[in-house]
Amino acid sequence: MTIVTGKSGARGRLRPLLRKIWEHRADYAYVLPAIAVMLIVIAYPIYYTIELSFFNTPPGLQLRDKIFIGVDNYTAILTSPVFWKVTSNTLIWTLASTFLSFVLGFGCALALHRDFIGRGVLRAILIIPWVISAVAASYIWKWIYHSDFGIIGAVLVGLGWADRPPNFIDSVSTVLPSLIVVNIWREFPFAMIMMMAGLQTVPDQLLRAAKVDGASAWQRFWHVTFPHLRNVSTVTILLLAVANFNSFIIPWIMTGGGPSNASHIWITHIYELAFGRQRWGVASAYSVLLFFILMTLGYFYVRALSGNDRKDESA
């Protein structure tokens, strides 16, 4: 009887692996440039951000003279009232934008799935918010919301519905809902395109059979159409959630996080800490927390895609 120790057993498993790598060394040589680029562009910045999160970096201090403080940056973040305000804004921004963009996009997809005159033109018009530059859209909506020259305020005053133009993005109570409206306008075409693609996979035979059996339009949708769209709906919602959680252009250009941090979300707050206040250590700690949250969402996204692939293989 041969007894294999842990060390020798590990060597026994390692040798075939090394042998296989050596046998396919030419194949690895082809992907080596891509691996090197990924290490330089992705791996090293992640490592340096994590390292920097454990240091104090005062504005007047160069990064090479940073002071090690352990987890004090994380403690300061979690005990700061600004953190909880920004987190609340981020959750409201992400959940409201994701849910309403998906619902509006899904509704448009269902409407455009029917045959009617001008459907192609309407599709092209509804896609415009998604293909237009986010920077251009932000400046356009900033002028639309303007308290003195904005078209919405002018219409409301002209119709007699308001005594003076409302302060959409200059008021603490209305700035975040106003930005969410812009974000929904910007993102619902993506959900519409995804759901229109999913509607193409619903078997017409099942819909006709359900109609013959006397099922109403709602029953056909709920028992036939929606189950076939469950996977694409999951993927669409996760993609929207990741994009919204990491959104930057619209809130930063339109308000810069103001007034009084009322429209700051995580990504804009991190940018202000790093490039506005030069608090690189605190900004890095925020970035590490954001990284793990996005990695969690990415895990569910990959899991959803893997589930779709296994379902296709079994079919």
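Residues numbered from 1 in each chain as written. Predicted model: local features only at pLDDT ≥ 70, side-chain atom pairs only at ≥ 80, totals over all residues. Heavy atoms only, no water.

Trainee: Got a minute to help me understand the nonpolar core in this structure?
Mentor: Trp93, Tyr145, Met254 and Tyr286 are the most contacted members of the largest nonpolar core, which totals 31 residues. At the level of secondary structure, the elements contributing two or more residues to this core comprise helix 3 (72-78), helix 4 (81-112), helix 8 (175-199), helix 12 (249-254), helix 13 (266-276) and helix 14 (280-314). When neighbours within four sequence positions are excluded, Trp93 is seen to be in contact with Leu176, Leu179, Ile180, Asn183, Asn244, Ser247, Ile250, Pro251 and Ile265. Counting residues in hydrophobic clusters, the runner-up holds 20 residues, among them Phe106, Cys108, Met192 and Leu240. (Core = buried A, V, L, I, M, F, W, Y, C linked by side-chain atoms within 4.5 Å. Buried < 20%, exposed > 50% of the residue type's maximum accessible area, 1.4 Å probe, protein only. Helix = DSSP H or I, 4+ residues; strand = E, 2+ residues; numbered from the N terminus. Contact = heavy atoms within 4.5 Å.)

Trainee: It is not clear to me how the pattern of salt bridges should be interpreted in this structure. Could you clarify?
Mentor: Side chains that differ in charge, positive against negative, can pair when their charged atoms come close. Under the definition given, this model contains 2 salt bridges. Put simply, Asp115 and Arg119 hold a salt bridge, and the shortest N to O gap is 3.2 Å. According to the relative accessible area criterion, Asp115 is exposed, its value standing at 69%. The partner of Arg277 in a salt bridge is Glu272, with the nearest N and O atoms 3.7 Å apart. (Salt bridge = Lys/Arg side-chain N within 4 Å of Asp/Glu carboxyl O.)

Trainee: It is not clear to me how helix 10 (residues 217-228) should be interpreted in this structure. Could you clarify?
Mentor: One turn of an α-helix holds 3.6 residues; hence residues three or four places apart share an orientation. Look at helix 10: 16 Å from first C-alpha to last across 12 residues, which is about the 16 Å you get at 1.5 Å a residue. Within the span of helix 10, buried status applies to Phe221, Val224 and Thr225. Considered in projection along helix 10, the buried side chains sweep an arc of 125 degrees and stay on one side of the axis. More than 90 degrees from the buried face of helix 10, the exposed residues found are Trp218 and His223. The elements touched by buried residues of helix 10 are helix 4, helix 8 and helix 9 (204-212). (Expected span 1.5 Å × (residues − 1). Arc of directions from axis to C-beta.)

Trainee: When you look at the environment of Pro59 in this model, what are you seeing that I'm missing?
Mentor: Here Pro59 is to be found in the loop between strand 1 (55-56) and strand 2 (67-68). We classify Pro59 as exposed; its relative accessible area is 58%. Put simply, Pro59 and Ser216 are 157 residues apart on the chain and 66 Å apart in space, counted from C-alpha to C-alpha. In this structure, Pro59 is in contact with Arg277 and Gln278, ignoring residues within four places of it in sequence.

Trainee: Can you help me understand the packing of helix 4 against helix 11 (residues 230-245) in this one?
Mentor: Between two packed helices, both the angle of their axes relative to each other and the distance between the axes serve to describe the pair. Viewed as axis vectors pointing N to C, helix 4 and helix 11 meet at an angle of 145 degrees, and their least axial separation amounts to 9 Å. Between helix 4 and helix 11 lies a crossing of right-handed hand. For the pair helix 4 and helix 11, contact is made by Thr90, Trp93, Thr94, Ser97, Thr98, Ser101 and Phe102 and by Ser233, Thr236, Ile237, Leu240, Ala241, Asn244 and Phe245, respectively. Across the contact of helix 4 with helix 11, the residue classes tally to 6 nonpolar, 8 polar and no charged. (Axes fitted to C-alpha atoms, helices over the stretch in contact; angles between N-to-C directions. Left-handed = near helix turned anticlockwise from the far one by under 90°. Nonpolar A, V, L, I, M, F, W, Y, C, P; charged D, E, K, R; others polar.)

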